[in-house]
Amino acid sequence: MIRRRLCIALVAVLAFVVAACGGGGSSSSGPTEIAVWHGYQDTEGEVFKGLIDQYNKEHPDVKVSELYSSNDLVLQKVLTAVRGGSAPDVAYMFGSWSPNIAQIPQVVDMSGEVSKPDWKWDDFYPAERQAATVGDKIVGVPALVDNLAIVYNKKLFADAGVAPPTPNWTWDDFRAAAAKLTDPSKGQYGWLIPADASEDTVWHYIPMLWEAGGDILSPDNEHAVFNSEAGVKALTTLQQMAVTDKSLYLDTTNENGPKLMNSGKVAMLVTGPWDLSQLSDIEYGVQVMPTFAGSGGTNQTISGPDNWVTFNNGDKKKQAAIDFVKWLSAPEQVKAFSSGTGDLPTRISVGQDQALVDKMNEDLPGTKTFVENLSNVKKVRPTVEQYPAISEALGQAIVSVMLGKDQPADALNSAAKAADEALAGK
Amino acid sequence: MPARVATSPRSSVLGRIIRSDNVSGWALVSPGVVLIGIFGLLPVLMSLQLSFQKSDLLTPETPWVGLENYRKLADDPVFVEAIKHTIIYTALFVPGTMLVGLLVAAAMNRSLRFMSVYRTAAYITMAVSTISQGIIFLWLTDRDYGLVNAGLRAVGIPSQSFLASPSQALFVIVAMTIWGWTGFSVIVYLAALQGVPAELHEAAAIDGASAFTRFRTITVPLLGPANLFLLVWLTINALQLFDEVYATTRGGPLRATTVIVYYLWDRAFVHFDAGYAAAMAYALFVVILVITAIQFRLARKHVHSS
């Protein structure tokens, strides 16, 4: 009998423990606590934590805590947390998610906030502002900006007797150089492209499409127009390099780019500043993207700006979160972060700081070209909710052409059909 | 212990209930029941509900759409392709793993020096995480720089694209997962083989049966339960293939390795169509249920249970 009572007591204790696990209260007194989810590691992580420590020291009424969360997965995690009623106060989110993020009710619309003059919203690059804007909402504040440019291996160019890229390069020049830089006996390729049919593949193609005079969607975002003459021209260039010349390494697993570049197996990458730090074994140069003959030589590129997104967890926390983001994205902090990490400055005024840019270029050669290249970002990808579906269709089309399974016009036409269906909401 | 009549003056219905064997039994299992209920059963039911709704995981509104998600499945060419890939994969992976496992187990079912080393070596693939397995195979099978192609070139065979080729990728994943799961089937078969009574073999040998005849007429029938277990277990796992695809090909190239679970993950978490993905998950659930039922029925006829 005693034993049985003991059991019941034990179970009751267990049940209590289980119940207690779900709890977790918040105290009403003391500093306002806000949680920031970010994907910074290594140097970036240290510099970012340094900034948070500084903020906490300067603002004793607020306590900012940071939590690392892989950028690729943060949206899933945030969605789960929002559903569970425990959203972070601030999270780093990819700009390509903006249209989807805009639908989350807890996301704070910053449009009223950033229009205040002390935000200096116009000091952010146009591409950043556009990527944060969905309809009449502003879903985030720029956290990172980048762009694509040619990164090339100087030694391989010299060995093959090919002149290094210039801003006047056309895609024909690019193709000819890539062919000369390809040597099957050494397993050496002129160029490498991510070919997993993801957005990573697609955003390598889009600047070519723009430079050729095309666009992704019609101005009203109603239907796809990438299957234009310009679209075919851009995709044909990829086809010629991948199928005819075999000078283009198709990285179908999207794992190998910087590794092969760093080991001298690939002569050129079209990539962003984030890869530069991995190219420690080679001497590389950076040059803006090629143009198409007759396009007017605008060297267009694409930018993938990411944002700090704020969530509404009650007025007090919301205000603390907005204040923190405002501080974090102010010129002084942007400068400190860029200087410490080599990430491109998110503000125009900081990007024009020659002393800073020179210092960054010394730390990581080529950074200067990437900073200057920000002015070649003329267009952004459409911020429509259906973009993932459009990107998926386009990605499959591009890869099927590069693998020699389809012709550019046919592939783009069927992708455009799929994109139109997605846009029509089917 | 016989139920005793309570002597306490506070004896009541409640008291009797608390002291009854039933209640304390339930109380003891309740933490388990509650945990499984919350983390196992509840999500299964919520996912069923989700499959009748349109949900993007973003907005709180989840309108009911009836059978719309299930209807969409039938018209989705990618889903049909995913089924095809899943069937091909399962049809190759399950018998492949069982056969390789049986051969390795038969070779190891003897006393040799260092046998425990060999057995550990055979099982160790199970200790490798599926993600590392995928990355190792990516390196091994790389078209230009992989070890496998270096070997092929050495014997005069041109380089193969393997995981980068739409026509080969699925088969590379079959080979990779057979390698990964062999340790599991080896352990199961080894246990079964050691359960075969030596006297039967001796008696048959005395009667003049050859080693092959003994294997066929004594060992194989006695492996029935192990076969059934592996068949069901490996089939269920094969139909739910995901990690290895995620780690290697991400469903590509050109969707050549898009299997059902990968596709449903892609719909739910890349394209935010959670209702549709839930419908897919339920379709798969029914398929697994039916296949397992068929396997058990066939087994009841053919498996020699001891």
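Here is what the cut-offs are and how they apply
Residues numbered from 1 in each chain as written. Chains lettered and ligands numbered in written order. Predicted model: local features only at pLDDT ≥ 70, side-chain atom pairs only at ≥ 80, totals over all residues. Domains from an automatic or database assignment. Contact = placed C-beta atoms within 7 Å. Helix = DSSP H or I, 4+ residues; strand = E, 2+ residues; numbered from the N terminus. pLDDT = per-residue confidence, 0-100. Expected span 1.5 Å × (residues − 1). Buried ≥ 20, exposed ≤ 12 C-beta atoms within 10 Å, placed from the backbone. Core = buried A, V, L, I, M, F, W, Y, C linked by C-beta atoms within 7 Å. Pairing = 2+ DSSP bridges. Axes fitted to C-alpha atoms, helices over the stretch in contact; angles between N-to-C directions.

## Let's talk about the domain arrangement of chain A
Residue and element names in this part refer to chain A. Under the domain assignment, chain A is made up of domain 1 (32–139 + 305–376) and domain 2 (149–302 + 382–423). Taking the mean C-alpha position of each, domain 1 and domain 2 sit 29 Å from one another. With 16 residues of domain 1 in contact, the opposing surface of domain 2 contributes 19 residues. Secondary structure elements with two or more residues in the side of domain 1 that touches domain 2: helix H4 (98–101), strand S4 (133–134) and helix H16 (367–373). Considering each element in turn, the side of domain 1 that touches domain 2 owes the most residues, four residues, to H16.

## A look at the confidence of the model for chain A
For chain A, per-residue confidence averages 89 on the pLDDT scale, and 93% of positions sit at 70 or higher. Counting contacts from residues 17–27 of chain A, a segment whose pLDDT is below 50, to residues more than four positions away or on other chains yields two contacts.

## Digging into helix H9 (residues 199–211) of chain A
Residue and element names in this part refer to chain A. Taking 1.5 Å per residue, 13 residues should reach 18 Å; H9 reaches 18 Å between its end C-alpha atoms and fits that length. With twelve of 13 residues buried, H9 lies mostly within the body of the structure. Within H9 the residues assigned to the buried category are Glu-199, Thr-201, Val-202, Trp-203, His-204, Tyr-205, Ile-206, Pro-207, Met-208, Leu-209, Trp-210 and Glu-211. Elements in contact with the buried residues of H9: strand S8 (189–194), helix H10 (229–244), strand S10 (266–271) and helix H17 (387–402). One or two residues past the end of H9 sits Gly-213, with phi positive at roughly 100°.

## Here's the deal with the nonpolar core
Of all hydrophobic cores here, the largest spans 183 residues; its most connected members are Val-266 and Ile-398 of chain A. With 13 residues, helix H8 (residues 169–194) of chain B is the single largest residue contributor to this core. Non-local contacts of Val-266 of chain A, meaning those with residues more than four positions away in its chain, are made with Tyr-189, Trp-191, Leu-192, Tyr-249, Leu-260 and Met-261 of chain A.

## Quick word on the interface of chain A and chain B
Between chain A and chain B, the residue contacts involve 27 residues of the former and 27 residues of the latter. Counting residues per element, the side of chain A that touches chain B draws most heavily on helix H1 (residues 2–22) of chain A, which supplies seven residues.

## Details of the environment of Trp-265 of chain B
All names here are of chain B. Mapping Trp-265 onto the fold places it in helix H13 (residues 260–269). With 17 C-beta atoms packed within 10 Å, Trp-265 lands in the partly exposed category. The spacing of Trp-265 and Tyr-246 is 19 residues in sequence and 9.9 Å in space, taken between C-alpha atoms.

## Brief notes about the sheet that holds strand S6 (residues 141–144) of chain A
Residue and element names in this part refer to chain A. One open sheet holds the five strands; their spatial order is S2-S1-S3-S12-S6, and the pairing between them is mixed. Only two strands of the sheet have a single neighbouring strand rather than two, namely strand S2 (62–68) and S6. Ignoring which end each strand starts from, the neighbouring axes of this sheet average 30° apart. Relative to S2, strand S1 (residues 32–38) is paired through seven bridges, and the arrangement is parallel. The residue of S2 that forms the bridge with Ile-34 is Val-64. Where helix H3 (residues 74–83) meets the sheet, it contacts S1 and strand S3 (90–94), and its direction lies at approximately 140° from that of S3. Lying on the sheet, helix H12 (residues 315–328) is in contact with S1, S2, S3, S6 and strand S12 (306–310); it crosses S1 at an angle near 50°.

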